[in-house]
Amino acid sequence: GAGVSQSPSNKVTEKGKDVELRCDPISGHTALYWYRQSLGQGLEFLIYFQGNSAPDKSGLPSDRFSAERTGGSVSTLTIQRTQQEDSAVYLCASSSRGLPGNTIYFGEGSWLTVV
Amino acid sequence: GQQVMQIPQYQHVQEGEDFTTYCNSSTTLSNIQWYKQRPGGHPVFLIQLVKSGEVKKQKRLTFQFGEAKKNSSLHITATQTTDVGTYFCAGGSIYNQGGKLIFGQGTELSVKP
């Protein structure tokens, strides 16, 4: 597509439920990133995909968080047994080849609220 | 691990005044990128600097990359209300897989008309 597309744009869920967030990167981009932004905070790196593999998942905060990418395109970030501290904006981004210096383009984010 | 610090956290200016935000990395960077995030929006790419001592200008915005490639600054001349938002620097390193960027905490700019 023309830009990075994310869904849902807003999600309110009850504590303890699982949620799935979807990202559709820019067509042809091999690198895909997930970041998290808590209210009034900077962007926290979660995971990076190159194709379907995740060479760097160092930012995933706990084993409740997982992500996958299929077909070298769409990615899903799954949060199991959500907690209130998971409330944040989850931003997906992509770049053409994932090389240092490649511009990273962000989607509009999925706003997650855990009540 | 790599850390990127950005100051100030907030800046309130009168329209027409200048604004500067500063970024410092704990490690030498291969590149630095700057993003702007409007209230309620997502980060939008502004510019990338890769060379030691590099200076780039976009209209009223001037971006600098330090000689040691560990610091950077963004200066806005004669701010306008359209400049409102949060400005993030993000550092890349050859040691980061996949061109991963480490973001500073951002500087939130408000402009009083």
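If you're wondering where the values come from, they're calculated on a predicted model, not measured in any experiment.

Overview of the overall build of chain B
Consideration 1: When its secondary structure is counted, chain B shows zero helices and eleven strands.
Consideration 2: In chain B, the succession of helices and strands from N to C terminus is β-β-β-β-β-β-β-β-β-β-β.
Consideration 3: Taken over the C-alpha trace, chain B has a radius of gyration of 14 Å; the compact-globule value for 113 residues is 13 Å, and the two agree within 12%.
Consideration 4: Projecting the C-alpha coordinates of chain B onto the three principal axes gives extents of approximately 45 × 30 × 20 Å.
Consideration 5: Among the 113 residues that make up chain B, the fraction classed as buried is 51%.
Consideration 6: Taking the intrachain contacts of chain B between residues at least 6 apart in sequence as the baseline, contacts between residues at least 24 apart amount to 54%.
Consideration 7: As displayed, chain B offers around 5,500 Å² of accessible surface, 51% of which is attributable to carbon and sulfur atoms.
Consideration 8: Positive and negative charge centroids in chain B, built from 11 and 7 side chains respectively, lie 8 Å apart.

Examining the sheet that holds strand β7 (residues 61-65) of chain B
Residue and element names in this part refer to chain B.
Consideration 1: Read from one edge of the open sheet, five strands run β1-β3-β8-β7-β6, paired in antiparallel fashion. Edge positions in the sheet fall to β1 (4-7) and β6 (55-58), since each has one partner strand and no second. Averaged over all pairs of adjacent strands, the angle between strand axes in this sheet comes to 15°, irrespective of strand direction.
Consideration 2: The sheet contact formed by β6 and β7 spans four bridges and is antiparallel. Following the sheet pairing, Val55 is matched in β7 by Gln64.

Here we look at the nonpolar core
Consideration 1: One finds B:Ile32, B:Trp34 and B:Phe63 to be the most contacted residues of the largest nonpolar core, which totals 20 residues.
Consideration 2: Elements represented by at least two residues in this core include exactly β3 (19-25), β4 (31-37), β5 (44-49), β7, β8 (71-76), β9 (85-92) and β11 (107-112) of chain B.
Consideration 3: Apart from residues lying up to four places away in sequence, B:Phe63 is in contact with B:Trp34, B:Leu46, B:Ile47, B:Leu49, B:Glu54, B:Val55, B:Lys56, B:Gln58, B:Ser73 and B:Leu74.
Consideration 4: Core analysis: the second largest hydrophobic core is formed by 19 residues, A:Val19, A:Cys23, A:Leu77 and A:Leu112 among them.

Remarks on the sheet that holds strand β8 (residues 75-79) of chain A
Residue and element names in this part refer to chain A.
Consideration 1: Across the sheet, four strands lie side by side as β1-β3-β8-β7; this open sheet has antiparallel pairing. The open sheet has two edge strands with one neighbour each: β1 (5-7) and β7 (65-69). Mean inter-strand twist for the sheet, computed between neighbouring axes without regard to direction, equals 15°.
Consideration 2: Where β1 and strand β3 (residues 19-24) come together, three bridges link them in antiparallel fashion. Looking across to β3, one finds that Gln6 is bridged to Cys23.

Topic: the interface of chain B and chain A
Consideration 1: The interface of chain B with chain A comprises 20 residues on the first partner and 23 residues on the second.
Consideration 2: Between chain B and chain A lies a buried interface of about 1,800 Å² when both sides are counted; carbon and sulfur atoms form 54% of it.
Consideration 3: Viewed at the interface, chain A and chain B are joined by one salt bridge.
Consideration 4: Linking B:Lys100 and A:Asp56 is a salt bridge whose minimum nitrogen-to-oxygen distance equals 2.9 Å.
Consideration 5: Linking chain B with chain A are six residue pairs in polar contact (both at pLDDT 80 or more).
Consideration 6: For the side of chain B that touches chain A, the elements supplying multiple residues, two or more each, are β4, β5 and β10 (101-103) of chain B.
Consideration 7: If one sorts the elements of the side of chain B that touches chain A by residue count, β4(B) sits on top with four residues.
Consideration 8: A class-by-class count of the residues in the side of chain B that touches chain A yields six nonpolar, 13 polar and one charged.

Calculation criteria
- Residues numbered from 1 in each chain as written.
- Chains lettered and ligands numbered in written order.
- Predicted model: local features only at pLDDT ≥ 70, side-chain atom pairs only at ≥ 80, totals over all residues.
- Heavy atoms only, no water.
- Helix = DSSP H or I, 4+ residues; strand = E, 2+ residues; numbered from the N terminus.
- Rg over C-alpha atoms; globule rule 2.2 N^0.38 Å.
- Buried < 20%, exposed > 50% of the residue type's maximum accessible area, 1.4 Å probe, protein only.
- Contact = heavy atoms within 4.5 Å.
- Areas by Shrake-Rupley, 256 points an atom, 1.4 Å probe, with all protein chains shown as cover.
- Lys, Arg positive; Asp, Glu negative; His and termini not counted.
- Charge placed at Lys NZ, Arg CZ, Asp CG, Glu CD.
- Pairing = 2+ DSSP bridges.
- Axes fitted to C-alpha atoms, helices over the stretch in contact; angles between N-to-C directions.
- Core = buried A, V, L, I, M, F, W, Y, C linked by side-chain atoms within 4.5 Å.
- Buried area = accessible area lost by both parts, 1.4 Å probe.
- Salt bridge = Lys/Arg side-chain N within 4 Å of Asp/Glu carboxyl O.
- Polar contact = N/O pair within 3.5 Å; in protein donor to acceptor, adjacent residues only side chain to side chain.
- Nonpolar A, V, L, I, M, F, W, Y, C, P; charged D, E, K, R; others polar.

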